[in-house]
Each structure stands twice: as C-alpha cells, then as structure tokens.
Amino acid sequence: MDLGVRAQESSLSGIFGQGERLCMPPYQRSYSWGENEALDLLGDLTEATDNDSPHFIGAIVLVDGAEKGMVEIVDGQQRLTTLTILLAVLRDLEPDPDQAAAIHALIADQDRPILGEVANWRLTLNYMDGAFFRDTIQRPGATRGLDTERNEIDSQQRMVDNAAVMRKKIKSFSEEQRRKLVDTVVNGCALVRVVVNDKDQGFKVFRVLNTRGKEPDAHDIIKTELFQKARFSVKEANAYAERWAEHEAVLGGGAFDDLLRQIRAIHDRSPKGDLVAGFQKAVLSKIDPRVFLDDVLPNYVSAYRQITTAKVADSPNASLVADKLNQLRALEQQSWRAPALKFLVERGLDSPLAPEFFSRLERLGYVIQLIVHDKDQRNKRFNKVSDAVSNERTLMAKNGPFAVSRDEARKVRERLPGRFATFGQRRAMALRLNAALDGGFTIPPESDATVEHVLPRNVHEDSHWMITWPDPAKRREQCDTLGNFVLLTNKVNQRADRLDYRAKKEVYFNGGGGADFALTRDLMDQDAWTPEVVRKRTERLADILAAEWNLT
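### A few points about the layout of surface pockets
The gaps left among the atoms become clear once a water-sized probe is rolled over them.
Phase 1 of the analysis: The space that makes up the second largest pocket amounts to roughly 980 Å³.
Phase 2 of the analysis: Lining of the second largest pocket is provided by 35 residues; of these, R139, G145, P456, R457 and N458 occupy positions nearest its centre.
Phase 3 of the analysis: Elements with a minimum of two residues in the lining of the second largest pocket: α5 (130-138), α20 (423-436), β7 (449-453), α22 (472-479) and α23 (490-496).
Phase 4 of the analysis: No other element matches α22, which puts four residues into the lining of the second largest pocket.
Phase 5 of the analysis: Of the residues belonging to the lining of the second largest pocket, the class tally is 11 nonpolar, eight polar and 16 charged.

Set out below in structure tokens:
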C-alpha cells in the first residue's frame, strides 16, 4: 500500500543544494519568528558547534509545486527562513570572498549568463515578503546595511530584527568560531525530509502539524461561534466544516483571519481590540449565521482573492482595476482592503463605477501612505469610503470620502522630493513611477523587479563615487530620493551594485534588461550622475506623480 509519504534523513546542504528551489504555498502564514526564537536557534547551533555534535531541527515537509522544478514547503517555513537569515549574516561577516561565495551558494545559484542561466534562489517567500527578503537578506552584502527605519509589515520587520540581533551576537565570535558555526549549519543540522505526493495531502499534513495541541486561530473560534448559533445538525456541521476548510485552503490561516478582520472593519465604525469579540458584536449579532456562511462569506472569499492577487474576473474593467489593485498591493499599509472588498461584493467588477472607484482608491492609498502616519487615522479615512460604497452620490461627491484637501495635496507635494527610508516605501514609489512614465506599465509587487540605487547606499572610501559625491550629508540626503531610483531584475541589480556610473549603464542597457523598465530607460541619455542631476530628476519625477494624482 502506497501511503503517499516518503521520508529520508538529510542535512541543510541537502535541502539548500544546487538547483533546489523552495517556495511558500498559499495557505502558509508570513514569517512569524521573533528575536527569542531566532536566538534560541542560534544558541542551539552554537552549543552543537562547541560540542562538535549535530543538531536535529525536525521534519521539513515538501510537495511538488505548480511550476516545474519548484517545491512547496508544507511545514518548516519558519526554520528555513531563519536559517537563511543566519547564513546571510555569516556570509556578510566572512572576510574571505571564496568562503563568502560558498555560503551564498546555499542561498542562491550564481547566474551564468554565458550559459544562459540566471540565479535560482533556494527559498522564495510569498508575494508580500519575497522581494523584500531578496533585497534585505538574500542579496550578497545585504545584512551589512539593514534598514533602521521601522517597517509597517510585521513579518518584514521580524526579518530585519532577527538579522540584526544574530549579527550582533555572531560579530563577537572569532573568525574560526564563525567558520565552525557555518559548518554546523550546513552539515550538522540534521533533519527529516518528508515529501508528500500531492497538494491535498500536503494541506492535510500541514493541518495536522500546525493545529494539534496549539491555540486555535481567530477564524477557528469564529467558526465555532457561527456553528453554535446556526444550531447545525451533525450532517450539516460536517458539510459546512468542509466548505470552511476549502476557504482556509484557498486563503491560508493568516489571510483568513485578515479577511474576517476586514469584514469586521466594514461593519464596525471603531474596529479596535480583540478580533473575535469585535466580530461577534459587529457582525454575528447582525447577520444570520446561515446567511453569512451561504452567501456573505463565499462572496468575500472570492473578492479577497481578487484584491490580494489582482487576478480579477474577466470584465471590460478588468485591466484597469487589476493595475490599480497591483499599485495598491505595493503599499506597506493595507487599510484600503476593506473598501475594495465591500465594493467588489456589493457592486461588482462590472459596475460602471469600478474604474473611477479603484482609481480614486489608489490615489487615496498613496496620499494616506505618504502623509498620514497614525494607523487609527488611516483606518478612519478608509472607513468613510467603506460607509459610502452603498451610496453613489456620497461616494463620488466632490467633498466625499475620496476628497484630498488643498493642505493634504501641499503636504504630498512637499513629501515626494524627500527621502524614502524603508524598503517598502522605496519599492512602492519606484513601481508606481514606472506606471506613470511615458511607455511605462504597472508591475505586480511579486515580480522580480528591485530598486537599484544609482548612487550606492554604502560608498567605500576608495570608490570613484567619492569624487563626484564627496559630501556624506548630500549622499545621505539624496541616495533614497526618487531621482536616485531605477528598476532592475534582482540578478542584474547584484551585478550593478557598486560599479561606477558608466559601468552601471553598461550593465543596465547592454543585456541587463534595463530598457524594459520606463524608470530605468529614463537614464539612457544621462551622461553623468551628480547631486544636481539627482536633485533635478527627483523634482521632475515628483511632479509627474503629483500630476498623475491631480495634486497640482
């Protein structure tokens, strides 16, 4: 009898070996380990190194992915992500280039353009975190210059925090201790590699490994409340439980919780405090549980999939709405989700209002991101949009919920030429600019497009950049402004990194794919890269965005 499960002993070098490509399935949560878990793992590995003994990290459960050669991680995401962060820290602390390259080989294959081979990343996270993880952790040298600005996306901030705390700890080790630790991580991490035959079985394994003996998620508790209120028979309960599990499989546990949080926000004018208690009061007290399960929830699951993937149903409005959703998805804040959900559920994609609604929502999303920093104030602005969705006259009124005051427009215009301190801010603005420029287009946030700083963020003392940019204050002031950004694929970004300007342009436009991005094509006729050039380009790009959002 074939049980559909194969298991074998392995090491991390086997999981992260040449050609291996691992990714996250949709039901996986984002990265959730904090500093305590990361330091516990580092402590265990350090102890194993000192004792010259292996360290067992448990089972890693895998299933073949939709893309050929890609393997999905059913269980083990937190451990593999943290181990990748640890390897990146060790790589960036290694003074010997050959040793550093050997460590990096466990993070990615080097691209070999002569053979037509591009870099393969060992580990690819979900669309929210994937690009950030590559730029901030996986890219060679990335952990030497971690962002100090707080990131609004919790999973990404945890990656930065864990990299920083492990780097601080490991930096005190001697060079010999660090190299012994590398050997333990690579060859001394004992694990069981479990491969299941299909995705359905993979999800069942995930449920068993991640629910038994653990605290239930918010959606599990809400499900129990719904079933109790509905007074289901045993047969009915089983049928509805299967449907609920299907929703969970489509969305994933964390996304299911977020969907219920958005539904609560739509029905609750002040959605603070515990999700379960708030959902019971704002939603379950007003909607019949059977109606919610039969009609309301399926429509919201479908709409949630559309707003979080931008894969919208076929419609005359589909292209424009997908573009606006992709532009919104690039933002760090997600308060826009509730009104987007309500519109799709109540009015639908075919509504004549859809193009105008999503265009105005996108504009408001960026305005709020740029000038409103208090989370409660952001939620209030978007709650006004949600409240008005049912009333077209109020929704589209000149002074309605989408209105941007003169003072707000002024603040945005003043903010656009300034610094964008976090990865998320920089990438959202660069992607949005690419769509606004002539000949440009909207790039989904899960793409491999990364922000390249023409003037590098870290300039060595012997670099040629010190000639044209001798003033460190000017470098800091202008490095993270719009005028210093271009877009490249990640592998080309690595090649360009700290080259001089002329060499960078060679990389960009001679086989590097830079001409594919409007924001990068913008540099074709630019012969030098000086503070004055960056200042003028920043002002021009800021004006383009202000005009795009009708803020002039």
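### A closer look at the packing of helix α9 (residues 218-230) against helix α10 (residues 234-251)
Phase 1 of the analysis: Put simply, α9 and α10 touch, their axes get as near as 12 Å, and they point 155° apart. Our classification of the angle between α9 and α10 gives roughly antiparallel. Relative to α10, α9 is oriented so that their crossing is right-handed. Taking contact as the criterion, the partners of H219, K223, L226 and F227 in α9 are, on α10, A237, Y240, A241, W244 and E248.

### With respect to the side chain of R427
Phase 1 of the analysis: Inspection of the secondary structure assignment puts R427 in helix α20.
Phase 2 of the analysis: D448 provides the closest opposite charge to the buried, unpaired R427, separated from it by 6.9 Å.
Phase 3 of the analysis: With near-sequence residues (within four places) excluded, R427 lies in contact with A131, P445, S447, A449 and V451.

### Notes on a negative patch on the surface
Phase 1 of the analysis: A surface patch of negative charge is lined by E37, D40, D44, E47 and D50.
Phase 2 of the analysis: On the accessibility criterion, E37 (35% relative accessible area) is partly exposed.

### Quick look at the confidence of the model for the protein chain
Phase 1 of the analysis: When pLDDT is averaged across the protein chain, the result is 88; 93% of the residues are at 70 or more.
Phase 2 of the analysis: The model gives residues 112-118 a pLDDT under 50, and that stretch makes four contacts with residues more than four places away or in other chains.

### Some words on the packing of aromatic side chains
Phase 1 of the analysis: Enumeration over the complete set of coordinates arrives at 12 aromatic pairs.
Phase 2 of the analysis: Where F132 meets F423, the ring centres are 5.0 Å apart and the plane angle is 80°; that geometry is what we call edge-to-face. On the criterion of sequence distance, the pair formed by F132 in helix α5 and F423 in helix α20 is long-range, its members being 291 residues apart. The same class applies to F132 as to F423, namely buried.
Phase 3 of the analysis: Here Y501 and W529 contribute two aromatic rings whose centre-to-centre distance is 5.5 Å and whose plane-to-plane angle is 20°, an arrangement assigned as stacked.

### Quick look at helix α6 (residues 154-171)
Phase 1 of the analysis: With 18 residues, α6 extends 25 Å between its outermost C-alpha atoms, agreeing within 8% with the 26 Å of an ideal straight helix rising 1.5 Å per residue.
Phase 2 of the analysis: Contact partners of the buried residues in α6: α2 (35-51), α3 (77-93), α5 and α7 (175-187).

### Some words on the pairing of strand β4 (residues 71-75)
Phase 1 of the analysis: The buried count for β4 comes to five of five residues, which makes it a mostly enclosed element.
Phase 2 of the analysis: When strand β2 (residues 22-23) meets β4, the two strands line up parallel, connected through two bridges. Counterpart to L22 in the pairing with β4 is V71.

### Structural notes on the pattern of salt bridges
Phase 1 of the analysis: Scanning all chains against the criterion turns up 32 salt bridges.
Phase 2 of the analysis: The salt bridge involving R329 is made with E446; its shortest N-O contact spans 2.9 Å. Remark: E446 occurs in the loop between α20 and β7 and R329 occurs in helix α14 (residues 318-329); sequence separation between them is 117 residues.
Phase 3 of the analysis: The salt bridge partner of E532 is R535, with a shortest N-O separation of 2.4 Å. Of this pair, E532 and R535 are both found in helix α26 (residues 531-548), three residues apart, which corresponds to roughly one turn of the helix.
Phase 4 of the analysis: Salt bridges here are not isolated pairs; linked through shared partners, they connect D147, R419, R426, R457 and D480.

Analysis parameters
- Residues numbered from 1 in each chain as written.
- Predicted model: local features only at pLDDT ≥ 70, side-chain atom pairs only at ≥ 80, totals over all residues.
- Heavy atoms only, no water.
- 1 Å grid on protein atoms, 1.4 Å probe; cavity = no way out; pocket = protein on both sides within 12 Å on 5 of 7 lines; lining within 4 Å.
- Points joined across faces, edges and corners; volume = space filled by probe spheres on them.
- Helix = DSSP H or I, 4+ residues; strand = E, 2+ residues; numbered from the N terminus.
- Nonpolar A, V, L, I, M, F, W, Y, C, P; charged D, E, K, R; others polar.
- Axes fitted to C-alpha atoms, helices over the stretch in contact; angles between N-to-C directions.
- Parallel < 35°, antiparallel > 145°, perpendicular 65-115°, else oblique.
- Left-handed = near helix turned anticlockwise from the far one by under 90°.
- Contact = heavy atoms within 4.5 Å.
- Buried < 20%, exposed > 50% of the residue type's maximum accessible area, 1.4 Å probe, protein only.
- Lys, Arg positive; Asp, Glu negative; His and termini not counted.
- Salt bridge = Lys/Arg side-chain N within 4 Å of Asp/Glu carboxyl O.
- Patch = residues over 30% accessible without salt bridge, like charges linked within 9 Å, V, L, I, M, F, W, Y side chains within 5 Å.
- Areas by Shrake-Rupley, 256 points an atom, 1.4 Å probe, with all protein chains shown as cover.
- Charge placed at Lys NZ, Arg CZ, Asp CG, Glu CD.
- pLDDT = per-residue confidence, 0-100.
- Phe/Tyr/Trp six-rings, centres within 6.5 Å; stacked < 30°, edge-to-face > 60°.
- Expected span 1.5 Å × (residues − 1).
- Pairing = 2+ DSSP bridges.

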